[in-house]
Amino acid sequence: MKKFLATLLACLMLVTVLAGCGQKDPTPAGDEGADKLDVVVVVTDALGGGGTPDDMNNYLKKALNDFDNVNGSIYEATDASQYEEVLRTYAREGVDLIITAFPQMVEAVTTVAGEFPDVNFAICLPLTTIDLPNVRCVEFACWELYYLAGMVAGYMTESNLVGHVLGAEQSALIANDNAYIEGLHAVNPDAKVQVVNANSFSDPAAGKDVGLTLISQGCDVILTDCSNAASGVIEAGKENGVYVMADSGVHYPEAPEYVLGDTQCNYGPATYQQIADLVAGKWEGGLQYVNLKTGSISLDISPVIRDNLPEEKLEAWDAAMAAVEEAKAKIINGDLVIEMNTTWNR
């Protein structure tokens, strides 16, 4: 029975590969493409929704076009009960690299990577470390974005009091908060940041509650670091005429007059980086931070915000955009280094 299930899973994987990747057919180990590097991307949501799985798939296709010595496939493991067996099945095939994402895959990666030390695994945004030599934990250097967002807030505030909504007091989010303050003071030394913890990454109601708290304290620009809870902060801002810089999505349609933009983690470029490192012989386990230079993070300014700003805010907005572009270029070329400072200075 187990042999039958394993065979069925392998067949399902092949169907998914042929339907999902579309650029090159996978080549099983031992066939004419056996001298090529075999890469598999395992996503935890279905393709076609325009989110992270599609981003990873698009950059897998790009890698297959760019590197002639790579075979690639993608598998949609939409049921948590599949995670271990999907990884284990590909590992048994002897693929060179398995790429996946998110904390829910940490347990499966840890288990299967321990069983197959000769197979490499990369996991994006695990929010923890996996102490195995064949596992690379890929985290996003979002503090670079929060420095830029702080510059925007510094130009746009009139009260010199801006807010920051966290989803939790985690080290990466503390680093983002410190960078936010640093960017703010780079353009507006007199401004201050009020920080609140929504204690949620998923509850818009919690986001709205803490957003209203910041507004009652006099904040006229708020930055979020709370994922789906940001929608509640945006609602609070929209109701009270307060600008919001959100995160982890495209939020400007929710309040075109008040959402300035979003900080983004781009899983596609992060996926591509893993394959490029493998091809170059530079792939190794451990912790890797991907950043503005690799294109794996971005500050996505709302395409409609300038048209929705009042006339008296345009000068400040244009100055903010010019300053952000200059600072971004300096960060990318190394002239400006934003450190990951996880010391909680509150």
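Nothing here was measured: the structure is a model prediction, and the numbers come from that model. By convention here, each chain's residues receive numbers from 1 onward along its written sequence. Reporting in this predicted model follows two pLDDT cut-offs: at least 70 for local features of residues, and 80 or more for side-chain atom pairs to be given and counted; totals over whole chains, interfaces and linings ignore these cut-offs and use all residues. Side-chain calculation: all heavy atoms of the structure are included, whereas hydrogens and water are not.

A.B. asks: When you look at the overall build of the protein chain in this model, what are you seeing that I'm missing?
C.D. replies: The way it works is that DSSP assigns letters per residue, a run of H or I at least four long becomes a helix, a run of E at least two long becomes a strand, and they are numbered from the N terminus. When helices and strands are tallied, the protein chain shows 11 helices and 12 strands. Within the protein chain, the fraction of its 346 residues that count as buried is 51%. The long-range fraction of contacts in the protein chain, counting pairs at least 24 apart against all pairs at least 6 apart in sequence, stands at 67%. With residues, only the protein chains shown are counted as cover, and all accessible areas are computed by Shrake-Rupley using a 1.4 Å probe. Total accessible area on the protein chain stands at roughly 15200 Å², and carbon and sulfur atoms take up 48% of it. Each residue's exposure class comes from its accessible area (1.4 Å probe, protein chains only) as a fraction of the maximum for that residue type: buried when under 20%, exposed when over 50%, partly exposed otherwise. Pairs of residues are marked as contacts when any of their non-hydrogen atoms sit within 4.5 Å.

A.B. asks: Could you clarify how one ought to interpret the packing of aromatic side chains in this entry?
C.D. replies: The way to describe two aromatic rings as a pair is by their centre distance and the angle between their planes. Between the rings of Phe, Tyr and Trp (Trp by its six-membered ring), a pair exists once the centres lie within 6.5 Å; its type follows the angle of the planes, with under 30 degrees stacked, over 60 edge-to-face, and the other angles tilted. The full count for this structure, using the stated rule, is five aromatic pairs. Between Phe67 and Tyr272 the ring centres are 5.7 Å apart and the planes differ by 35°, which places this aromatic pair in the tilted class. Within this pair, whereas Phe67 is found in the loop between α2 (52-66) and β2 (70-76), its partner Tyr272 is found in helix α9 (residues 267-280), the two being separated by 205 residues in sequence. As far as burial versus exposure is concerned, Phe67 and Tyr272 are alike and both buried. Geometrically, the ring pair formed by Phe140 and Tyr267 is edge-to-face, given 4.9 Å between the ring centres and 65° between the ring planes. Placement of Phe140 in strand β5 (residues 135-140) and of Tyr267 in helix α9 is noted, with a sequence separation of 127 residues between them. Overall, the relative accessible area of 6% leaves Phe140 in the buried class. Classification of Tyr267 as buried rests on a relative accessible area of 7%. Through a chain of ring-to-ring contacts, three or more aromatic side chains come together here, namely Phe102, Phe140 and Tyr267.

A.B. asks: What should I look at first to understand α2 in this one?
C.D. replies: Residues spaced three or four apart along an α-helix face the same direction, because each turn holds 3.6 residues. When the terminal C-alpha atoms of α2 are compared, their 21 Å separation across 15 residues agrees well with the 21 Å that a helix rising 1.5 Å per residue should span. Those residues of α2 that fall on the buried side of the exposure criterion are Pro53, Asp54, Met56, Asn57, Leu60, Ala63 and Leu64. Between the first and last residue of a helix there are one fewer steps than residues, each counted as 1.5 Å, and that sum is the expected span.

A.B. asks: Is there a simple way to explain the sheet that holds strand β7 (residues 192-197) in this structure?
C.D. replies: Whether parallel or antiparallel, the strands of a sheet pair through hydrogen bonds between backbone atoms. Read across the sheet, six strands follow the order β7-β6-β8-β9-β10-β12 without closing on themselves; strand pairing throughout is mixed. Each end of this open sheet is capped by a strand with a single partner; those strands are β7 and β12 (297-301). Strand-to-strand twist in this sheet, taken as the mean axis angle between neighbours without regard to direction, amounts to 15°. Strands are labelled as partners when DSSP assigns at least two bridges between them. By the bridge criterion, four bridges tie strand β9 (residues 243-247) to strand β10 (residues 259-265) in an arrangement that is parallel. Looking at the pairing, Ala246 lines up with Asp262 of β10. Along the sheet, helix α8 (residues 230-240) makes contact with β6 (161-166), β8 (221-225), β9 and β10, crossing β9 at roughly 170°. Axis definition: a line fitted to C-alpha atoms, limited for helices to the stretch in contact. Angles are taken between N-to-C directions and run from 0 to 180 degrees.

A.B. asks: So what exactly am I meant to see when it comes to the packing of helix α7 (residues 204-216) against α8 here?
C.D. replies: The geometry of a pair of packed helices is captured by two quantities: the angle between their axes and the separation between those axes. Across the interface, α7 lies against α8 with an axial gap of 6 Å and an inter-helix angle of 40°. Relative to α8, α7 is oriented oblique. Remark: the crossing between α7 and α8 carries right-handed chirality. Each of Pro204, Gly207, Lys208, Gly211, Leu212 and Ile215 in α7 lies in contact with α8, whose residues at this interface are Ser231, Gly232, Val233, Glu235, Ala236, Gly237, Glu239 and Asn240. Classifying every residue of the contact of α7 with α8 by side-chain character gives five nonpolar, six polar and three charged. The scheme is simple: roughly parallel for angles under 35 degrees, roughly antiparallel for over 145, roughly perpendicular for 65 to 115, oblique for anything else. Definitions for this section: a left-handed crossing has its near helix turned counterclockwise from the far helix by less than a right angle. A right-handed crossing has that turn clockwise. Asp, Glu, Lys and Arg are counted as charged, while Ala, Val, Leu, Ile, Met, Phe, Trp, Tyr, Cys and Pro are counted as nonpolar; the rest, among them Gly, fall into the polar class.

A.B. asks: What's the story with the nonpolar core in this structure? I'm lost.
C.D. replies: Most often, soluble globular proteins keep nonpolar side chains buried together rather than apart. Buried Ala, Val, Leu, Ile, Met, Phe, Trp, Tyr and Cys residues form a nonpolar core when they are joined through side-chain atoms within 4.5 Å. In terms of nonpolar packing, the biggest core is built from 67 residues, with Phe140, Leu148 and Met156 touching the most fellow members. Element by element, the count of residues in this core is highest for helix α5 (residues 143-156), at 10 residues. Ignoring anything within four residues of it in the chain, the contact list for Leu148 reads Leu292, Leu299, Val324, Ala327, Lys328 and Ile331. In terms of nonpolar packing, the next biggest core, distinct from the first, is built from 24 residues, Val42, Tyr90, Ala113 and Val119 among them.

A.B. asks: Mind showing me how you'd approach the environment of Asn69 here?
C.D. replies: Mapped onto the elements, Asn69 comes out in the loop between α2 and β2. Exposure remark for Asn69: the relative accessible area of 31% places this residue in the partly exposed category. A C-alpha to C-alpha distance of 7.8 Å links Asn69 and Val279, two positions 210 residues apart in sequence. Those residues within four positions of Asn69 in sequence are excluded, and the remaining contacts are Lys36, Leu37 and Val279.

A.B. asks: Just checking my understanding: could you explain the pattern of salt bridges for this structure?
C.D. replies: Pairing between side chains of opposite charge can happen when the charged atoms of each approach one another. Take a side-chain nitrogen of Lys or Arg and a carboxyl oxygen of Asp or Glu: if they are within 4 Å of each other, that pair is a salt bridge. With the rule as written, the count across this model stands at 11 salt bridges. The residue Arg88 makes a salt bridge to Glu84 at a minimum N-O spacing of 2.9 Å. Within this pair, Arg88 and its partner Glu84 are both found in helix α3 (residues 83-92), separated by four residues, close to a single helical turn. For the salt bridge of Arg88 with Glu115, the shortest nitrogen-to-oxygen distance reads 2.8 Å. Within this pair, whereas Arg88 is found in helix α3, its partner Glu115 is found in helix α4 (residues 106-115), the two being separated by 27 residues in sequence. Residue class for Arg88 comes out buried when judged on its relative accessible area of 12%. Shared partners join several salt bridges into a network, and the residues in it are Glu84, Glu85, Arg88, Arg92 and Glu115.

A.B. asks: What is the right way to look at the pairing of β7 in this model?
C.D. replies: Along any regular strand, the residues point their side chains to alternate faces of the sheet. Pairing geometry for β6 and β7, over six bridges, is parallel. Looking at β7, one finds that His164 is bridged to Val195. Orienting the strands away from the viewer, one traces the path from the first strand over the helix to the second; a clockwise path indicates a right-handed crossover. Between β6 and its parallel partner β7, the chain crosses via helix α6 (residues 171-187), and the hand of that crossover is right-handed.

Worth remembering: the numbers are spatial, not functional.
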